[in-house]
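Inside the fold
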Amino acid sequence: MVSANATSILSTLITANHVLHYHSVLHAYGHISVRNPENASTFFFARTLAPALISSTEDINELNVADASQTDPTRPRSFVERFIHSEIYKRFEDVNSVVHSHSPQVLPYTITDVPLKAVYHLPGFLGDQGVPNFDIAEFYEPGDQQDLLVSNTRLGAALANTFNVNSTTNSFPDPPAVLMRGHGLAVAGETIEQAVFFSIYTQSNAEIQSSAIELEHAFPNTGEGSGLRYLTAQEGIDSWATNKPLIIRPWELWQREVQTVGQGLYVNGLEH
Ligand SMILES: [Zn+2]
């Protein structure tokens, strides 16, 4: 089905599923995909299977960006929310990997007006404007099943259009994440490793921001300049510029974690 180059990317995709599960970004649900490096009009995406259990090419389908249909309709079906992935690839030509998760640390920011913003340097990519929040209720049409799932191209396109773009590029979102009200979030990356980095550190940022808000409420007005101090716009931009070339370092650690500590649960049949 695929070349050596594509086999390598599929191996990375399997590992990414395991890493995201190990770091509790993905649980029984949620998914990550990668655009086909040899054909930008398709992407690779698992069949309906818990991320921790994805282990071979038999578990991965090739889907068309155009309508999220499988190139081989006889294979086991992929997740209903495949339209999240297809429509983000369609909207942003420089996005090559997409993660959709139901991160419990991020979810409170999808149902309140508290903006999720960068609170420390590693998630500086989140910026200072607040991650946009997609409210699917604004896009339901009569007859839609209102189960919050992005289950067709119309809803997928609405989600993809909720990403912000900065003034210099229209081909990659800034920040690379969108919240989904009462559901979770979607994260985009130029590579699998980047999408995993963004996902893990968005979750970490949410956890730390929530802890800071709790402290602030428990002990208000106890110091000078009370109130949360977020990164400035420039600090966010400069932090990501510093971190971007270095994300292979955490990736190597995360890969080793699932190979060793995760032995017995995680199987990657494409690794050698
Ligand atoms: Zn979902």
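It should be noted that the structure appears before, not after, this text.
Every value quoted in this text rests on a predicted model; they were computed, and no experiment measured them.

Description of unusual backbone geometry
- The omega torsion across Asp174 and Pro175 is 0°, close enough to zero to call that bond cis.
- Even without being glycine, Ser24 reaches a positive phi, approximately 60°.
- Mapping Ser24 onto the fold places it in the loop between α1 (4-22) and β1 (31-35).
- Residue Ser24 is classed as partly exposed on the basis of its relative accessible area, which comes to 34%.

A closer look at the pattern of salt bridges
- Counted according to the given criterion, the structure contains six salt bridges.
- Between Asp135 and Arg181 there is a salt bridge, with its nearest N and O atoms 2.9 Å apart. Highlighted residues: Asp135 in the loop between β5 (133-134) and α3 (153-160) and Arg181 in the loop between β6 (177-180) and β7 (184-189), separated in sequence by 46 residues.
- Here Arg181 falls in the partly exposed class, since its relative accessible area comes to 29%.
- As a salt-bridge pair, Glu141 and Arg154 come within 3.6 Å of each other at their nearest N and O atoms. Pair noted here: Glu141 is in the loop between β5 and α3 and Arg154 is in helix α3, with a separation of 13 residues, a long-range link.
- Of the residues examined, Glu141 reaches a relative accessible area of 42% and is grouped as partly exposed.
- Classification of Arg154 by relative accessible area gives partly exposed; the value is 29%.

Scoring rules and cut-offs
Residues numbered from 1 in each chain as written. Predicted model: local features only at pLDDT ≥ 70, side-chain atom pairs only at ≥ 80, totals over all residues. Heavy atoms only, no water. Helix = DSSP H or I, 4+ residues; strand = E, 2+ residues; numbered from the N terminus. Buried < 20%, exposed > 50% of the residue type's maximum accessible area, 1.4 Å probe, protein only. Salt bridge = Lys/Arg side-chain N within 4 Å of Asp/Glu carboxyl O.

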